[in-house]
Amino acid sequence: MKSPRKLLMAAPLLFLLPLHALASPAYDDQPARHSNGHSCVGCVLVVSVIEQLAQVHNSTVQASMERLCSYLPEKLLLKTTCYLVVDMFGPDIITLLSMDKNADVVCHTLEFCKQDPGQPLCHLYPLPKETWKFTLEKARQIVKKSPTLKYSRSDSNICSLPFLAKICEMIKSAIKNSVPFKDVDSDKYSVFPTLRGYHWRGRDCNDSNGMAYPGRRPDNWDIHQDSNCNGIWGVDPKDGIPYEKKFCEGSQPRGIILLGDSAGAHFHISPEWITASQISLKSFVNLPTAITDELNWPQLSGITGFLNSTSGITEDSIYLRLRKRNRCNHRDYQNISKNGASSQNLEKFIESLSRNQLLDHPAIVIYAMIGNDVCNGKSDSVPKMTTPEKLYSKVMQTLKYLNSHLPNGSHVILYGLPDGTFLWDNLHNKYHPLGQLNKDVTYAHFYSFLNCLQVSPCQGWMSSNETLRTLTSQRAEQLSNTLKKIATRKKFTNFNLFYMDFDFQGISFSLLSNCYTRENPPVD
């Protein structure tokens, strides 16, 4: 088995990778300056948590690692793989941490982090009092005879592990195709929740019949079976009228479809996963679900969510509001979002959208590429931003595709981009979860670490450089004005086109007012 060090370290602790690891542009062909940037961040996070768990519980590093493994679920072989990691790397980590080497030193020593020639040293914690070169050389001498350093990292791959290969293949397939991994009748709907299943689009009610799926017009008023999965079918024995006809005829059912990025997919890494004082057996209960949903929570999103959030926020999603107005909309939602999506790569997965112009109901489509056209991890990020001209070309391409696939009577809403300066303004001087215990790592420190490695989800807004933040906001405004111009000037045969400025609070209310006529009463 080749190079187990990196892949074993990463396998059970995928959840500890930073936001950019799974939210980075999936179609970015430009190699990062630090090719091992994500491995470096993952290692620093893992070692930091191990060290802090020992501090919180006043235990040894060995006990801390075992404690962390015991908290992980057995699903996806997370617990098993974690114990393999401890068995292989425990001695080196224990030795280095016992000599007061911090996570940066440990990860550089084990070569998960590497300073490329001519490039700055990337570190999360303050540098040691002794020179970095002396500190690192001393640490390497300590573990020089360690068997773990005999393996080459060049060909390492988490999916090389035989017992993880199948899991990896399922996840990679779902990510690549943006359609359910488990879909017997190939209608793009599933009875399985994750791997692009019904967390992302309405649950299939008959996975052996490709003509039964959410959002379609009823087949013969669904006298004999539920062809559109809204739960309404059969005939009222009192008057012989089909229930679908009685409740849904004339109510103008419409589905909701989101074309989005990680914000639309509801990307989220729980602070509990990396805050040592909060980590417990309950912290990782939903980790397998999160991993098989690409660290996204679309079932809780503000557009297509259908489950109640545990955050205390009770606001319904747009889908739930449409459903409340008209129960005939039940299960008619699609979240076609992807981490790293932008106007420039949407064409690579928009075909996963499911709508038949002849058989299906109209839909409300929300185009919400709100970040990655201006966000990237490059040190010189402005030249990598989408220009208004490129945005115009790609959005028009998308709208033409939608016009050829959406049923007549649909609506399309273009979301403007937000002003992301709030990321720095509101967070930079607050402690990051890794810094809460010892008050040593702020979000500014963490942003700087990611920026140095060129793996930041948005260097333009997550930067101490005020000029860069301003330039990023200016470009976002230019792109929003481009979207507004398109919505104002362009007409399409199968849908009405709208534009809306990005608004955290009011946007969902306005969408309903613009796209769902008040004359259509809800069906009880």
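Residues numbered from 1 in each chain as written. Predicted model: local features only at pLDDT ≥ 70, side-chain atom pairs only at ≥ 80, totals over all residues. Heavy atoms only, no water.

S.K.: Explain the overall build of the protein chain to me, please; I cannot follow it from the model alone.
M.R.: Counting secondary structure elements, the protein chain contains 17 helices and 5 strands. Classification of the 524 residues of the protein chain by burial places 54% in the buried group. Considering only residue pairs separated by 6 or more positions, the protein chain has 70% of its internal contacts joining residues 24 or more positions apart. Surface summary for the protein chain: the accessible area is close to 23,300 Å², and the carbon and sulfur share equals 52%. (Helix = DSSP H or I, 4+ residues; strand = E, 2+ residues; numbered from the N terminus. Buried < 20%, exposed > 50% of the residue type's maximum accessible area, 1.4 Å probe, protein only. Contact = heavy atoms within 4.5 Å. Areas by Shrake-Rupley, 256 points an atom, 1.4 Å probe, with all protein chains shown as cover.)

S.K.: How should the packing of aromatic side chains be read in this particular structure?
M.R.: What characterises a pair of aromatic rings is the spacing of the ring centres plus the angle enclosed by the ring planes. Per the counting criterion, the structure on display carries 10 aromatic pairs. When the ring of tyrosine 319 is compared with that of tyrosine 333, the centres are 4.7 Å apart and the planes differ by 55°; the resulting orientation is tilted. Remark: tyrosine 333 occurs in strand E2 (residues 333-337) and tyrosine 319 occurs in helix H12 (residues 318-325); sequence separation between them is 14 residues. Residue class for tyrosine 319 comes out buried when judged on its relative accessible area of 3%. Its relative accessible area of 3% is what places tyrosine 333 among the buried residues. Ring centres of tyrosine 415 and phenylalanine 502 lie 6.4 Å apart, and the angle between their planes is 80°; on these two criteria the pair is classed as edge-to-face. (Phe/Tyr/Trp six-rings, centres within 6.5 Å; stacked < 30°, edge-to-face > 60°.)

S.K.: Would you mind showing me how to read the sheet that holds strand E5 (residues 495-500) here?
M.R.: Note on sheets: strands pair through backbone hydrogen bonds, and any given pair is parallel or antiparallel. Reading across the sheet, the 5 strands line up as E2-E1-E3-E4-E5 and stay open at both edges, with parallel pairing between neighbours. The open sheet is flanked by E2 and E5, the only strands paired with a single partner. Between one strand and the next, the sheet's axes are offset by a mean angle of 15°, whatever the strand orientation. Lying on the sheet, H12 is in contact with strand E1 (255-260), E2, strand E3 (363-368) and strand E4 (410-415); it crosses E1 at an angle near 170°. (Pairing = 2+ DSSP bridges. Axes fitted to C-alpha atoms, helices over the stretch in contact; angles between N-to-C directions.)

S.K.: Would you explain the state of the cysteines in this entry?
M.R.: Two cysteines, two sulfur atoms, one covalent bond between them: this is a disulfide. The final tally for this structure, using the stated rule, is 7 disulfides. Between the sulfur of cysteine 43 and that of cysteine 107 lies a disulfide, 2.1 Å long from S to S. One disulfide, between cysteine 43 and cysteine 107, carries an S-S torsion of -90° and so falls in the left-handed class. Of this pair, cysteine 43 sits in helix H3 (residues 37-56) while cysteine 107 is found in helix H6 (residues 103-109), placing the two residues 64 residues apart along the sequence. Neither residue differs from the other here; cysteine 43 and cysteine 107 are each classed as buried. The disulfide bridge from cysteine 122 ends at cysteine 452, spanning 2.0 Å between sulfur atoms. Measuring handedness by torsion sign, the sulfur bridge of cysteine 122 and cysteine 452 sits at about -80° and is left-handed. Of this pair, cysteine 122 sits in the loop between H6 and helix H7 (132-142) while cysteine 452 sits in helix H15 (residues 443-453); the two residues are 330 residues apart in sequence, bridging distant segments of the chain. According to the relative accessible area criterion, cysteine 122 is buried, its value standing at 4%. The buried category is assigned to cysteine 452, whose relative accessible area is 15%. (Disulfide = S-S within 2.5 Å.)

S.K.: Quick question: what am I supposed to make of the packing of H3 against helix H4 (residues 61-71) here?
M.R.: Packed helix pairs are characterised by how far apart their axes lie and by the angle those axes make with each other. The N-to-C vectors of H3 and H4 enclose an angle of 110°; their axes lie 8 Å apart at closest approach. Classified by the angle their axes make, H3 and H4 are roughly perpendicular. For the pair H3 and H4, the crossing hand works out as right-handed. Residues Val49, Ile50, Leu53 and Ala54 of H3 form the contact with H4, whose own contacting residues are Val61, Ser64, Met65, Arg67 and Leu68. Grouping the amino acids of the contact of H3 with H4 by side-chain chemistry returns 7 nonpolar, 1 polar and 1 charged. (Parallel < 35°, antiparallel > 145°, perpendicular 65-115°, else oblique. Left-handed = near helix turned anticlockwise from the far one by under 90°. Nonpolar A, V, L, I, M, F, W, Y, C, P; charged D, E, K, R; others polar.)

S.K.: Before we go on, may I ask you to explain the pattern of salt bridges in this structure?
M.R.: Side-chain pairs of opposite charge can arise where the charged atoms are in close proximity. Applying the stated criterion to the full structure yields 6 salt bridges. Residues aspartate 239 and lysine 246 are paired through a salt bridge, measuring 2.8 Å at the closest nitrogen-oxygen approach. As a salt-bridge pair, glutamate 249 and lysine 245 come within 3.1 Å of each other at their nearest N and O atoms. Judged by its relative accessible area of 46%, glutamate 249 falls in the partly exposed class. Shared partners join several salt bridges into a network, and the residues in it are Asp236, Asp239 and Lys246. (Salt bridge = Lys/Arg side-chain N within 4 Å of Asp/Glu carboxyl O.)

S.K.: Is there a simple way to think about the pairing of E3 in this case?
M.R.: Each regular strand carries side chains that alternate between the two faces of the sheet. Most of E3 is tucked away: 6 of the 6 residues are buried. Of the two faces of E3, both are covered, the one formed by Ala363, Val365 and Tyr367 as well as the one formed by Ile364, Ile366 and Ala368. Alignment of E1 against E3, held across 6 bridges, turns out to be parallel. Across the sheet, isoleucine 257 pairs through a bridge with valine 365, a residue of E3. In the classification by handedness, the crossover that spans E3, the intervening helix H13 (residues 388-403) and the parallel E4 is right-handed. (Right-handed = clockwise from strand over helix to strand, strands pointing away.)

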